[in-house]
Structure formats: C-alpha cells, structure tokens
Amino acid sequence: MAQIIKAIRGTRDLLPAETALWNRAERTAREVFARYNFGEIRTPVLEATELFARGVGEETDIVSKEMFTWEDRARAASEKPQSLTLRPENTAGVVRAYIEHKLHDTGQLQKLYYIGPQFRRERPQKGRYRQFFQIGAEVIGPASSGSESPLRDAEVLEMLAALLDELGIPRASAANEYQGWRLLLNSVGSSTDRPRYVAALREALLPVKDQMCPDNQRRADTNPLRVLDSKDEADQAIINALPKIADYLDDDSKQHFAAVLAALDACAVPYTVNPRLVRGLDYYTRTTFEFTVDLGLGTQNALLGGGRYDGLSEMLGGPRAPGIGFAIGEDRLILTLQALAELKAADEGELAPVKIDAYIAPLSPAQNAAALALARTLRAAGLQVEVGDGTFRLKKSFDAADRVARHIVILGEDEVAQQQATVKTFATGDQHKIGFDDLSATLRSSLAIRPTTLTFKEPTY
RNA sequence: GCGGCUAUAGUUCAGGGGUUAGAACGCGGGUCUGUGGCACCCGAUGUCGAGGGUUCAAAUCCCUCUAGCCGCCCCA
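Residues numbered from 1 in each chain as written. Chains lettered and ligands numbered in written order. Predicted model: local features only at pLDDT ≥ 70, side-chain atom pairs only at ≥ 80, totals over all residues. Heavy atoms only, no water.

1. A look at the protein's contact with RNA strand B
In the vicinity of RNA strand B, 53 residues are found, and the nearest of them are R219, R226, G280, K395 and D402. The sugar-phosphate share of atoms of RNA strand B within 4 Å of the protein amounts to 55%. Side-chain polar atom of R332 to a sugar or linking oxygen of RNA strand B: 3.0 Å apart, as the coordinates give it. Put simply, the parts of the chain that give the surface near RNA strand B at least two residues each are β6 (131-140), α7 (214-222), β10 (302-308), β11 (323-329), α13 (394-404), α14 (413-418) and β15 (420-425). Counting residues per element, the surface near RNA strand B draws most heavily on α13, at 7 residues. In the surface near RNA strand B, the residues fall into 15 nonpolar, 12 polar and 26 charged. (Near = heavy atom within 4 Å. Polar contact = N/O pair within 3.5 Å; in protein donor to acceptor, adjacent residues only side chain to side chain. Helix = DSSP H or I, 4+ residues; strand = E, 2+ residues; numbered from the N terminus. Nonpolar A, V, L, I, M, F, W, Y, C, P; charged D, E, K, R; others polar.)

In structure tokens:
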C-alpha cells in the first residue's frame, strides 16, 4: 500500500466545524474595521528576502532563524537568482506596497487591514504553528495627514478593545479571576531614544551579567532589550534595578505617550503600563502594546501585538511615513473563542447545532430528478437545502434529515403527480402538504409553518 | 533550536512479552414495505504512528524517525 501523505509539520487542515468559527471571527473583524474606515489590502505571500532583512531586522530571531527562505532559480543567464521568503509577518509587505504604489503622494492617511497566512519555521506548539493566520491593520501616511498623532495610537487600541468586546471576550477583572483580555502598553522611545537607552542598558548589564541565567547572558550581548521581559525568577531583582526606558524618552516621546494614555482614559479602555514590555521586531518605535488573554492559550498567551513604526518606510527606501499597526494571532483568537464556548456550554448545556432549512427526501429513484429540480428552485430562493436519494428507506431519510435540517420535504409518486410536497417540521412534528409553488415562501416564513396560522389536516391515504 | 510526556477503532480511552486486541459513544443493518428520534437484536470497526532491533514469541521491551502536547527559546 502506498504511503499516505500528511500535512507538513506545523500546518493543519481546518474542517467545516472549525471554519464556521473562523468565518465568524473574520466577519466581525471586517465589520469593526469598516466602522473605523479601514479598507482591505492583500499582499503576496512571497516577498524578496531583503524586505524582511531590512524591515524586521537582520538580527531578530524571526529573520535569522525562523524564515522559510530559498533561492529562486534565474530564468536567464543574464539574471541573478533571487532569494525569496514566505512572509513571516505582514507589516513589511504592506509598507512595501505603500511605497511601491506611491500611496504617499495621495497625501491621505491610509488605513489598511489584512487577513492571511504567515510562515515561521518554529517548533509547533498549542497556539503556535508554522503556517499561522494574522488579522492585522496599519495606519500610515505622511506626517501632514496626522499619521504621527497620538490620536491614531489611541484609536487603534480603542478599536481593538471594541473588537474583542464584540467577539464576546471578557475584559480581565477581579470579578472573573482575570480570565479575559488585558492591554499591556509601553513606549520604547523614538529612533534616537532607543539607541541611547540600549547603550545604557548594556553598560548597566556589564557588571551583573555573570550572575544571570545563561539565556539572559546571551541576550545581554545580542539584544539587551529582551532581558527586560525575561521570566527567570532569580534574575528579577537584577532586572528591576536596570535603567528604565521612561527615563530616556525625549520630551516629544513623553508627551506622545501621555496623550495616548489620556485618550484611552477618555474612552474607558483599561490598560496597564508595563515599562518592561518590549517587542521582537526592530522597526517598532514609541508606543508598543500587547493584548494577553488567559483563556485557552497555554504559555502562548499573547493574543495580539503591535506598535508604532515611524522609521520603517525609510528603512525600506520610501519617504518618511510614520505609522502604527497590530497583528492578531487568529489561531490564538480562535482557541480563545473555543475555550469561551466551552465555559459557556458547561454553564448552559450544549448548544443545538445550526441546521439548514430543508432536506428533500425522494421516496424512490423515480423522484430523484424532481427532487433535484425542486432543490434548485428552493436554493435559488436563498434557502439552504440538502437532497437525499430515492434508494434510501424513508426511515433513514428521516434520520439523515433530522440531523441536518429543520424540515423534511417528502417527495413520493403522489406528491410529484399533484405538485405538492409533504413537509414535516421536526421541532413541532407538524406535517402539511404544500404546493411546489408556495414551498419556498412557506419555508422562508417560519410563521406560516406554525399550527396556529395553518389549518392543514394530517394527510390521509 | 533545547528538555520532558504521549501515540491502540471515526472519537474518548482501557489493556500490557504468550491463541482471534477491548469498552463506551458514534457508524451500518434489522425488529418497522410512505413517517425518524426511544427500546431491543445483529454487525463492521484497527498495518496497536512509521521503520529497525531483542526474543521461540512484540501492540507490550530497546533504538531511530515522524507527529502532537507541555515547558524553554521566541512570538501572534
């Protein structure tokens, strides 16, 4: 027997039972984004490796060891082979498109959102896959369009709060034992603040480095900012004594951050300022944030992350175009929603599965053609319809119908001859004969099927 | 990339060197020829993750691989 082929490591199939939830989440996100005047952008899954090296940062873990990268062969002798990469995130691609299509020259603020797969070659775990999905958005434009305003930061954060609220994810509070979402916020400073701070950090780490865990010793050399969000218990005292980024912000950055917090207060969006929150991508400046959630996600409790990237466009060879954005881990969002649904089911009992409108059951193969024709009519009217096969016994048809549909439409010899279907409503047990021409209207209006408004008698044979 | 745990029916799981591998749910059929859900009866579940080794004998012990989960790293 031939070897079966399986989905490759870290990728997975989403079957209808799950995609229903994915679609609901995506629909909600699209609706919320539209209310804030965001339009959708779709960028290629494949980009030049150079884009991520320059945008995300050559030294970051993502670029240095987690990308799916290969050399595409040259098409002609005169052409050089090109290094291609499956995108590990989408912000760099959006900014590349912004520059490439000269959206800057419109002078307008661009509000763009995307939904799509991203790829990172990490060890798979719950909530962490090699092909994972992100729902993200970017606000970018020339400074004259207001792209640099703290209002943009606050608006994005407020929009995210609205989205999570609308998806039914509770806010963490003492009342629910902090099972819910929580916004963590920090400012990592401007592109001039940050190098000063990193230098100070390095200096402060030098004498204490040896006392820290091996991971932190390594970080102290490669990426000192990462020492700040270390979970190592023993190192916490040392970390708390390190210089604070807040003391290295220039006046502009300080005022900017204060304005963001003031706007969040005005919108009643709860947040926690965490001076140790840092991000793993080099392009972030000033406001950075993370939403965590304690439902359904194990150690991967970061539901979404984002921040400002005022210098990214220039890094990619474009004009100065400040911006802010975020990316939601859609897989993690779904895990959270599933955990929430389970909690609810434990409280209220299982929810009845959603059923389609009708199941057409021909009584013998002679009625198969008529059944398909009737299905076509009903479907054209917008009804959700399944069709059985006339070789099934009626008993089996009922069984199959009850599993998926609210009504069974029985089609025997008499029904076809009279152009009247026998329709039974599972919930009530009511059964009526309804003319083919009236069927879609009758099924559409649940009122008409209620016994109080219909006085059909049980058919007698 | 590192460490640990796990892999048996469609699903959740039990078993544990010795005839033919089990339960529940689910699935198929019947009792019941155009009226289901309940009940009762019958039936099929399967390369025991893959490959190799030890042994008279391996689903069981050992090794390698693969995949999943947990933690680390990192991040969404």
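2. A look at the sheet that holds strand β4 (residues 82-86)
Strand order in this open sheet of 3 strands is β2-β4-β3, and the pairing throughout is antiparallel. At either margin of the open sheet sits one strand with a lone partner, and together these are β2 (46-48) and β3 (69-72). In this sheet, neighbouring strand axes are inclined to one another by 40° on average, regardless of whether the strands run parallel or antiparallel. (Pairing = 2+ DSSP bridges. Axes fitted to C-alpha atoms, helices over the stretch in contact; angles between N-to-C directions.)

3. Focus on the side chain of S313
Among the secondary structure elements, S313 is positioned in helix α10 (residues 312-315). In this view, S313 contacts V95, I99, G318, P319 and A321; residues no more than four positions away in its chain are not counted. (Contact = heavy atoms within 4.5 Å.)

4. Here we look at the domain arrangement of chain A
For chain A, the domain assignment lists domain 1 (16-192 + 250-346), domain 2 (193-243) and domain 3 (356-449). Inter-centroid distance (C-alpha atoms) of domain 1 to domain 2 is 26 Å. Of the residues lining the interface, 14 residues belong to domain 1; the matching set on domain 2 comes to 13 residues. Between the two partners, domain 1 and domain 2, sit 0 salt bridges. At the boundary of domain 1 with domain 2, the tally comes to 10 residue pairs in polar contact (both at pLDDT 80 or more). Looking at the side of domain 1 that touches domain 2 residue by residue, the class counts come to 3 nonpolar, 7 polar and 4 charged. (Domains from an automatic or database assignment. Salt bridge = Lys/Arg side-chain N within 4 Å of Asp/Glu carboxyl O.)

5. Considerations on the pairing of strand β7 (residues 181-187)
With 6 of its 7 residues buried, β7 lies for the most part within the structure. Sheet analysis places β7 next to strand β9 (residues 285-293), joined by 7 bridges and oriented antiparallel. Following the sheet pairing, W181 is matched in β9 by V293. Where β7 and strand β8 (residues 272-273) come together, 2 bridges link them in parallel fashion. In the sheet register, L184 faces β8, and the bridge partner there is T272. (Buried < 20%, exposed > 50% of the residue type's maximum accessible area, 1.4 Å probe, protein only.)

6. Quick look at the packing of aromatic side chains
Applying the stated criterion across every chain yields a total of 10 aromatic pairs. Between F289 and F291, the ring centres sit 6.4 Å apart and the planes meet at 90°, which makes this aromatic pair edge-to-face. Grouping residues by exposure puts F289 and F291 together as buried. Taken together, the ring pairs in this structure connect F33, F38, Y113 and F326 into an aromatic cluster. The lysine or arginine in question, K396, covers the ring of F392, its NZ or CZ lying 4.4 Å from the ring centre. (Phe/Tyr/Trp six-rings, centres within 6.5 Å; stacked < 30°, edge-to-face > 60°. Lys NZ or Arg CZ within 6 Å of the ring centre and 35° of its normal.)

7. Brief notes about the pattern of salt bridges
Applying the stated criterion across every chain, the model contains 22 salt bridges. With a shortest N-O distance of 2.7 Å, R320 and E148 are connected by a salt bridge. Residue R320 is found in the loop between α10 and β11, and its partner E148 is found in the loop between β6 and α5 (150-166); the two are separated by 172 residues along the sequence. Looking at R320, the relative accessible area reads 39%, which means it is partly exposed. The exposure class assigned to E148 is partly exposed, which follows from its relative accessible area of 24%. Where R218 meets D215, a salt bridge forms, and the shortest distance between an N and an O atom there is 3.5 Å. Of this pair, R218 and D215 both sit in helix α7, separated by 3 residues, roughly a single helical turn. When its relative accessible area of 41% is taken as the criterion, D215 is described as partly exposed.

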